[in-house]
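Topology and contacts: notes
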Amino acid sequence: MNFVATFHTHLAAMLTCSTLQKAGVTAKLAPVPRRLSSSCGTCVFYGGDEPHLEAMDRDVEAVYRREGEGYACLYRGED
């Protein structure tokens, strides 16, 4: 998986995962990696060549691209 999205609520993570899957993107719910923070503790790992920001629920906290063992922040949502 190339990207990880964190959320303020578990529901937002579930809705985003479903939206990505309906669009044909491989996506799965998972606990947030320790290196990243999240209000709800649930994130979505997903693949693709682009971050699919249009598929994010409005309660998205941030979207990161995986880079080796680390993450690069691509988008930070509004608080």
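Now for a look at the structure at hand.

Quick look at unusual backbone geometry now. One non-glycine residue, H52, lies in the positive phi region at around 50°. Structurally, H52 is set in the loop between β3 (42-46) and β4 (60-67). Taking relative accessible area as the criterion, H52 reaches 15% and is therefore assigned buried.

Moving on: the environment of P51. Its place among the elements puts P51 in the loop between β3 and β4. In this structure, the C-alpha to C-alpha distance between P51 and A13, residues 38 residues apart in sequence, is 15 Å. What P51 contacts, discounting residues up to four positions off in sequence, is F3, Y46, M56, V63 and L74.

Turning our eyes to something else, we now look at the nonpolar core. One finds F7, L20, V44, Y46 and M56 to be the most contacted residues of the largest nonpolar core, which totals 15 residues. The biggest single contributor to this core is helix α1 (residues 10-22), with four residues. Among all residues touching V44, those that are not within four sequence positions of it are F3, V4, A5, F7, A13, C17, L20, A27, K28 and L29. Within the second largest apolar cluster, eight residues are counted, among which are V4, A30, L36 and Y64.

Cut-offs and rules
- Residues numbered from 1 in each chain as written.
- Predicted model: local features only at pLDDT ≥ 70, side-chain atom pairs only at ≥ 80, totals over all residues.
- Heavy atoms only, no water.
- Helix = DSSP H or I, 4+ residues; strand = E, 2+ residues; numbered from the N terminus.
- Buried < 20%, exposed > 50% of the residue type's maximum accessible area, 1.4 Å probe, protein only.
- Contact = heavy atoms within 4.5 Å.
- Core = buried A, V, L, I, M, F, W, Y, C linked by side-chain atoms within 4.5 Å.

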